[in-house]
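Chain and residue survey
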Amino acid sequence: MGDLTPTKALELHQKMWEIRLFELSASRLYKEGALPGFIHLSIGQEACAVGACLALESNDYITSTHRGHGHCLAKGASPNMMMAELAGKVTGYSKGRGGSMHIADVAVGVLGANGIVGQSAPLACGAAYTAQVKKTKQLALAFFGEGATGAGPVHEAMNIAAIWKLPVIFFCESNRYAELSPYDVHVSVPNVSVRASNYGFRGLTVDGSNVAEIYEAVSTAAADARGGNGPVFIEAKTHRWHGHYEGDPMTYLRPADRDTENRVDPIEQFEKLMAERLKIGDEAISAAKQTAAEIIDAAVEYALNSEDPSPGVMYEDVLA
Ligand SMILES: Cc1ncc(C[n+]2csc(CCOP(=O)(O)OP(=O)(O)O)c2C)c(N)n1
Ligand SMILES: [Mg+2]
């Protein structure tokens, strides 16, 4: 648990619940037909988004993926505006025009969800380069999946980040599948973190269900990056509980992943740690969960009560 304080632990815990409840609400609303388009959920992966983002400063940047709700929430994006965007409402981040994969909030350092697999990495390098040139001590953390580590842009980004010693953290959520392909079908090594050594920087693999371990790993990597030591690659071994997209029949699941009984719940696991190691009482733990539930219920209500965009909104924000 490192030097995690009870206050920080409660913050991590509440944020994981916010993400879990946001995603469960999105899943339900999607089934009810209230959310148009595609959504990719991160249930089971909450510790990654939270451990990573809460180890950053508020003016640091993240770049995200198609599975980005958790990242954006953890970095401080508004649950109301996010849910409204998913619902295609005018009060959403992109006035309802973009949906789940087009959420960005530069004010809190969210440089955007991204439907193009692998492109979060070069974007983070761009933000990190700006910080380096301006000497702002900010850093950028790129989220991507293990599938993206087979894509060229991630390797180009790792190469340039190493050469220029950019303040970047490459954060890979290694969640067993890329779309419908199990890990061993598309990755040739047991841990993708070894790939960092090809570019001459540190790569490590952590337990992606352990929020405290992730928080510590990212805190150390952030200090390294800010100190001018260049990038770090962190691979978090996690577990995608839902399909690639909502509605995915998941016929491709490996037998071990069909067994839902024995899978580790990152939130439950952390609650045990909070009680046993940090001596945080049940009341405080339940209160944090309750606060998360209120925030997400309010976001659902906000989204459902918001207006649809008028057709004219299509022509707004087109020209810079
Ligand atoms: C450049 C590009 N190629 C292919 C796709 C189609 N695609 C969407 S998600 C995905 C798999 C991504 O897997 P991974 O990086 O492991 O992320 P995960 O979905 O597991 O979070 C693919 C191939 C895409 N969106 N962009
Ligand atoms: Mg994956």
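So, a few notes on the structure that sits alongside this text. Treat the numbers as computed from the prediction; the structure is a model and nothing was measured.

Mapped onto the secondary structure, Met250 falls in the loop between strand 7 (232-237) and helix 10 (255-258). Residues Met250 and Glu179 lie 71 residues apart in sequence; the distance between their C-alpha atoms is 9.8 Å. Once residues lying within four places of it in the same chain are set aside, the contact partners of Met250 are Arg240, Trp241, His242, Gly243 and Arg258.

Before going further, it helps to spend a moment on unusual backbone geometry. The backbone phi angle of Lys137 is positive, close to 70°, even though this residue is not glycine. Positionally, Lys137 belongs in the loop between helix 5 (120-134) and strand 2 (140-145). At Lys165, a position not held by glycine, the phi torsion is positive, near 50°. Assignment of secondary structure puts Lys165 in the loop between helix 6 (152-163) and strand 3 (168-174). On the basis of relative accessibility, which here comes to 45%, the residue Lys165 falls in the partly exposed class.

Below, the discussion takes up the site of ligand 1. Taken together, 14 residues surround ligand 1, and among them His66, Arg67, Gly115, Gly147 and Tyr177 come closest. Contact between ligand 1 and Gly115: a nitrogen atom at 2.8 Å from a main-chain N or O atom of the residue. Between ligand 1 and Val117 there is a distance of 3.1 Å, counted from a nitrogen atom to a backbone nitrogen or oxygen. Relative to its unbound accessible area of 580 Å², ligand 1 is 71% covered by the protein chains. Of the residues that constitute the shell around ligand 1, the class distribution is 5 nonpolar, 6 polar and 3 charged.

Here helix 5 spans 21 Å end to end across 15 residues, near enough to the 21 Å set by a 1.5 Å rise per residue. Here helix 5 has its buried residues at Ser120, Ala121, Ala124, Cys125, Ala127, Ala128 and Ala131. Projected onto a plane normal to the axis of helix 5, the buried residues spread over an arc of 170° and lie on a single side. Relative to its buried face, helix 5 has exposed residues pointing more than 90 degrees away, namely Val133 and Lys134. Buried-residue contacts for helix 5 involve strand 1 (61-63), strand 2, helix 6 and strand 3. Two residues or fewer past helix 5, Lys135 is found with a positive phi of approximately 55°.

On to the pattern of salt bridges. Tallied over the entire structure, the rule returns 13 salt bridges. Close ionic contact of Arg20 with Asp265 constitutes a salt bridge, the shortest N to O distance being 3.1 Å. Residue Arg20 is found in helix 1 (residues 6-31), and its partner Asp265 is found in the loop between helix 10 and helix 11 (266-276); the two are separated by 245 residues along the sequence. Taking relative accessible area as the criterion, Arg20 reaches 6% and is therefore assigned buried.

So, about helix 4 (residues 79-86). Note on helix geometry: an α-helix contains 3.6 residues per turn, so any two residues three or four positions apart are oriented the same way. Burial analysis of helix 4 places 6 of its 8 residues in the buried class, which makes it a mostly covered element. Buried residues of helix 4: Pro79, Met82, Met83, Ala84, Glu85 and Leu86, and no others. Those residues of helix 4 hidden inside the fold are in contact with helix 1, helix 3 (69-75) and helix 12 (282-305). Once helix 4 finishes, Gly88 follows within two positions and takes phi at roughly 75°, a positive value.

Six octahedral donors around a metal ideally make angles of 90 or 180 degrees; four tetrahedral donors ideally make 109.5 degrees. The protein atoms donating to the magnesium ion (ligand 2) are Glu146 (OE), Glu146 (OE), Asn175 (OD1) and Tyr177 (O), with metal-donor distances spanning 2.1 to 2.7 Å. Classification of the site at the magnesium ion (ligand 2) as irregular follows from its 6 donor atoms and the range of 50 to 170° in their angles at the metal. Donor residues for the magnesium ion (ligand 2), ordered by position in the chain, follow E-x28-N-x1-Y. Note that Glu146 is positioned in the loop between strand 2 and helix 6 and Asn175 in the loop between strand 3 and strand 4 (177-178), a separation of 29 residues in sequence. As far as the burial class goes, Glu146 and Asn175 line up, both buried.

What follows deals with the nonpolar core. Counting residues in hydrophobic clusters, the biggest one holds 68 residues, and the most contacted among them are Leu141, Phe171, Val218, Ile234 and Phe270. For Ile234, the residues in contact, after removing those within four places along its chain, are Ile169, Phe170, Phe171, Cys172, Leu204, Val206, Ala217, Val218 and Ala221. Counting 24 residues, the second-largest nonpolar core is a separate cluster that includes Ala121, Ala127, Met158 and Ala196.

Let us now look at the side chain of Ser306. Residue placement: Ser306 occurs in the segment after helix 12. Within the local environment of Ser306, its side chain forms a polar contact with the side chain of Thr91, the two groups lying 2.7 Å apart. Apart from the residues lying within four places of it in its own chain, the contact partners of Ser306 are Lys89 and Thr91.

Let us now look at the pairing of strand 3. With 7 of 7 residues buried, strand 3 lies mostly within the body of the structure. With burial as the criterion, each face of strand 3 is covered, one bearing Val168, Phe170, Cys172 and Ser174 and the other bearing Ile169, Phe171 and Glu173. Examined bridge by bridge, strand 2 and strand 3 share 6 bridges and lie parallel to one another. Residue pairing in the sheet places Ala140 in a bridge with Val168 of strand 3.

Here is what the cut-offs are and how they apply
Every chain's residues receive numbers from 1 upward, in the order its sequence appears when written. Going through the entries in the order they are written, you letter the chains from A and number the ligands from 1. A pLDDT threshold of at least 70 governs which residues receive local features in this predicted model, and a stricter bar of 80 or more applies before side-chain atom pairs are shown or counted, although totals over entire chains, interfaces and linings include all residues. Side-chain measures here rest on the full set of heavy atoms in the structure, leaving out hydrogens and waters. A run of H or I in DSSP becomes a helix once it reaches four residues, and a run of E becomes a strand once it reaches two; helices and strands are each numbered from the N terminus. Contacts were defined at the residue level, with two residues in contact if any of their heavy atoms lie within 4.5 Å. Burial classes: relative accessible area under 20% of the type maximum marks a residue as buried, over 50% as exposed, and values in between as partly exposed (1.4 Å probe, protein chains only). The nearness test applies per residue and asks whether one of its heavy atoms lies within 4 Å of the molecule or strand. Polar contacts, as used here, are pairs of N or O atoms within 3.5 Å; protein pairs need one atom able to donate a hydrogen and one able to accept it. Residues neighboring in sequence count only if both atoms are side-chain atoms. Each accessible area is a Shrake-Rupley estimate made with a 1.4 Å probe; only the visible protein chains count as cover when residues are assessed. Each residue gets one of three labels, nonpolar for Ala, Val, Leu, Ile, Met, Phe, Trp, Tyr, Cys and Pro, charged for Asp, Glu, Lys and Arg, and polar for the others, Gly among them. Here the expected length of a helix is defined as 1.5 Å per residue gap, with one fewer gap than residues. Our arc is simply the arc of the directions from the helix axis toward the C-beta atoms. Salt bridge, as used here, is a side-chain nitrogen of Lys or Arg placed within 4 Å of a carboxyl oxygen of Asp or Glu. Distances define the donors: N, O and S atoms within 2.8 Å of the metal qualify, as do those within 3.2 Å of Na, K or Ca. Water is excluded, so some sites may look unfinished. When four donors show all angles between 85 and 135 degrees the site is tetrahedral, when four or six donors have opposite pairs over 155 degrees and all other angles between 65 and 115 it is square planar or octahedral respectively, and in every other case it is irregular. In these notes, a set of buried Ala, Val, Leu, Ile, Met, Phe, Trp, Tyr and Cys residues joined through side-chain atoms within 4.5 Å is what counts as a nonpolar core. A strand pair is defined by DSSP finding two or more bridges across the two strands.

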